[in-house]
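Each chain is listed here by its residues.
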Amino acid sequence: MADNSTLVSETGRSLLADSSVLDSKIIETSKENAFPGSVLDIEEEMPQIETRVVLVQEAGKHEELLKALEEIKMPYIKTDTIEELGDSDSPEFETIFIVSDFQDSIFNNLCKADCRVIGPPVVLHCAQKGEPLPFSCRPLYCASMLNLVLCFTGFRKKEELVKLVTLVHHMGGIIRRDFSSKVTHLVANSTHGDKFRIAVSLGTPIVKAEWIYKAWEKRNEIDFCAADDDFRNQFKVLPFQDCMLSFLGFSDDEKANMEEMTEMQGGHYLPVGDERCTHLVVEENTVKDLPFEPLKKLYVVKQEWFWGSIQMDARAGESMYLFEKSESPGLKKSVSLLSLNTPNSNRKRRRLKETLAQLTRETDMSPFPPRKRPSAEHSLSIGSLLDISNTPESSTTNGETPKSCARPSKNSTPLPLKQSARWQVAKELYQTESNYVDILTTIIQLFQVPLEKEGQLGGPILAQEEIKTIFGSIPDILDVHTKIKEDLEDLMMNWTESKSIGDIILKYSKDLLKTYPPFVNFFEMSKETITRCEKQKPRFHAFLKINQAKPECGRQSLAELLIRPVQRLPSVALLLNDIKKHTAEDNPDKITLERAIESLKEVMTHINEDKRKTEAQRQFFDVVYEVDGCPANLLSSHRSLVQRLETVALGDDLCDRGEQVTLFLFNDCLEIARKRHKVIGAFKSPHGHTRPPASLKHVVLMPLSQIKKVLDIRETEDCHRAFALVVRPPTELNNKLLSFQMTTEEPPKEDWLKMLCRHVANTICKADAENLIYTADPDSVEVNTKDMDSTLSRASRAIKKTSKKVTRAFSFSKTPKRALRRALMSHSATEGRSPSSANESYIGSRLTSTSSLAGISSPSLVSLPSIFEKRSHTLSRSTTHLI
């Protein structure tokens, strides 16, 4: 096939002309011809013109094409040359030529003769949709750009533009010379110009020229559409395309982050002062003046331009974000006073000093406190809401500046002649509540509402599920505290010592109980979602950066703002305690305050309990996702995860000796899983979250009632951190010994064994949990850990696993169970036992492991002499056979 550069129409008219006029004429003509019978003035019917399809050369050999023409009931003829059709210009026929190659000489000749030419994909598309063949005055190869309206900008070479326009027409697209709201796509070769700016403001997709070329390569795919988002996004014009950026006034970490984002968004970064630089991004809060005189072609912009461009997924206009030296009018006036040489300079200096002091006071007025260290912000543990001693005692330490200091209310609280201590604490409660409501309003108005807004430039920043996870019940919490604030404001406006503050809290205690648990329970998940989305989605990262720099946030991050609801209830409980201390004994509010404090404690207790249950449920699902083949009956409302323990198997009963085994201790059962030898691929949920693959394989789910004894194996040179379980499954006649070695220091072995015995005793309804623990010598149970970490041992285990795989691979049939039983009976007969007795002993029982069938003594099935020493007794116990 020839190069695409040959796709230039040789017709007389220019292909660069706006095709909208011609397209509109075609539409009008088709409308008039569509309903000829609707014209009442025509007495005689127009003569019917028969449509004839001519398949040229290779098109006539296309079997699917021939079948499609038969489906739409379109007669056709085949030809190798146009000259064979002597009546091709006959007015009795409307001839449609189907050409497979829009680059050969026959196609060019048909275009010169103004013939109607279409490609095979058009016929296949119409047959699939059940539609008639479209009418087009231009050659139409496929419908992949049907109904798309394109406009071009930034192209200097006419030949390239002609080629692109021709391809668009061949795919059914429409070209507009001027940009308007009807344009669906802007094809840009540059990020400058009015068309680019208008497209950004309207949210019109902006793509590179490669989009057209790649779409033409897919021209033979019937179901392909060039406007598909996944396909189009591969060729979108990135925000910093053709931009050279430098950064001034940022910390090293911030600068490195912004340089990385620059390259991700199609730009390049240069050192400050490089003449090739097109944009200098300045941190306006730290940089007061530029260290050099910028060139005229250099844009000196604030960091908001940088993050705004990433957020809207297109280069923002620089005029709105130009950096200027920050000088307030008052400061300029003060500086001008300094420059005046008058005899009254002392008075003017004094006036300047007062002006600067006034400016400083105005600057300090902010509804948010100065940003704290992260350790101070997150010092409160959300797992201990009842421990109100961990909560800061005042609103200042809690990071809440009284609202009256920030913005005086129009209904300011009247000051009584003598301010009592009770009034002062009540005022602090109102001020902190007012400030808390402002913070919640900021979270919703500055973060949640813009993220949920429809029609965002560049598409939604976050999915609805992610927004729900991050903000949770914040709107409901705001509604409740807005009502509390209004009631407190009314109380302070009409203050008397007998006014009840406790009644306000009691009034909304049920609402607090309903709104807080959903948020506190999933607060950690909310933080994790913010962190994950910030790393994976540059637009969300830019969105947070822009809002964090706004004065409403006080330069605090979204995660730092979202921790305020976690801190609020303990803070209110402290203030109510303070008010109660300054309330007289005969005041009716004394008892009401005690009830209010108790109600808050009940709310926090419920939150803690609900959070504990939620965490337990999450742990359950984590186990289910981590263990492949985990039984469904593990999930139960009465079951909770107690401890997870990493071990190594010391026997061959459950799995191979030396294999890594994980024990999940629940309150009534023990889940045993081994490490997977081959990890499957990650699972991707419908919302796009990638779940890690299951790293463990289920072995057995054992009820704790099956554990008969717990053996604490003594520490020796050849045995370290080992223990064993004597169990009896319901399908077995004899006990089995399961031995393990702990591979982690935490928890200590003694604590782990006590914990296990306690839950076993609870399951079997026994009070003496200590009686379940026995001490045993390693030699007595044939257990040792000497070779667990040696290289030779690891190599032998690997060889053993490989040999098992090879044996399974070359095994053409499984050994029947009956044959195994006969082999077992014959083995018993050689030891002096009759086949009948052997048969009787194994009827109804489960077959043991292959090691027992071969007659090899296994450490997990050894007959244990009774050398057990009970910890709580000094007398030796009688001989006991456990197996």
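Being a predicted model, the structure only gives us computed values, none of them experimental.

**Observations concerning the side chain of Ser 526**
Of note, Ser 526 is situated in helix H20 (residues 523–536). Among all residues touching Ser 526, those that are not within four sequence positions of it are Thr 469, Ile 470 and Leu 562.

**Here's the deal with the sheet that holds strand E10 (residues 268–269)**
On the basis of which strands lie adjacent, the open sheet formed by four strands has the order E10-E9-E11-E12 and parallel pairing. At either end of the open sheet lies a strand with only one pairing partner, and these are E10 and strand E12 (299–302). Helix-sheet contacts for helix H9 (residues 252–264) involve strand E9 (244–248), E10 and strand E11 (279–282), and the interaxial angle to E9 is about 170°. Against the sheet, helix H10 (residues 303–312) contacts E9, E11 and E12, and its axis sits at roughly 80° relative to E12.

**Regarding a nonpolar patch on the surface**
Where nonpolar side chains cluster on the molecular surface, the patch consists of Phe 621, Tyr 625 and Leu 635 and spans about 270 Å² of accessible area. Inspection of the secondary structure assignment puts Phe 621 in helix H24 (residues 589–626).

**A few points about the confidence of the model for the chain**
For the chain, per-residue confidence averages 74 on the pLDDT scale, and 69% of positions sit at 70 or higher. Confidence drops under pLDDT 50 across residues 328–345; counting only partners more than four residues distant or on other chains, this segment forms 14 contacts. The low-confidence segment residues 826–883, where pLDDT is below 50, has 78 contacts with residues more than four positions distant or belonging to other chains.

**Concerning the sheet that holds strand E6 (residues 174–175)**
Pairing in this open sheet of four strands is parallel, and the strands run E6-E5-E7-E8 from one edge to the other. The sheet is open, and its two borders are formed by E6 and strand E8 (206–207), each paired with just one other strand. Pairing of strand E7 (residues 185–188) with E8, which is carried by two bridges, proceeds in the parallel orientation. Counted as the bridge partner of Val 187 is Val 207 from E8. Sheet strands in contact with helix H5 (residues 158–170) are strand E5 (149–153) and E6, and its direction is about 175° off that of E5.

**Some details on the packing of aromatic side chains**
Considering all chains together, one arrives at 16 aromatic pairs under this definition. Taking 4.4 Å as the distance between ring centres and 20° as the angle between the ring planes, the aromatic pair formed by Phe 102 and Phe 107 counts as stacked. Members of the aromatic cluster, connected to one another through ring pairs, are Phe 240, Phe 247, Phe 250, Trp 305, Phe 306 and Trp 307. One Lys or Arg, Arg 219, reaches over the ring of Tyr 141 and ends 5.8 Å from the middle of that ring.

Basis of the calculations
Residues numbered from 1 in each chain as written. Predicted model: local features only at pLDDT ≥ 70, side-chain atom pairs only at ≥ 80, totals over all residues. Heavy atoms only, no water. Helix = DSSP H or I, 4+ residues; strand = E, 2+ residues; numbered from the N terminus. Contact = heavy atoms within 4.5 Å. Pairing = 2+ DSSP bridges. Axes fitted to C-alpha atoms, helices over the stretch in contact; angles between N-to-C directions. Patch = residues over 30% accessible without salt bridge, like charges linked within 9 Å, V, L, I, M, F, W, Y side chains within 5 Å. Areas by Shrake-Rupley, 256 points an atom, 1.4 Å probe, with all protein chains shown as cover. Salt bridge = Lys/Arg side-chain N within 4 Å of Asp/Glu carboxyl O. pLDDT = per-residue confidence, 0-100. Phe/Tyr/Trp six-rings, centres within 6.5 Å; stacked < 30°, edge-to-face > 60°. Lys NZ or Arg CZ within 6 Å of the ring centre and 35° of its normal.

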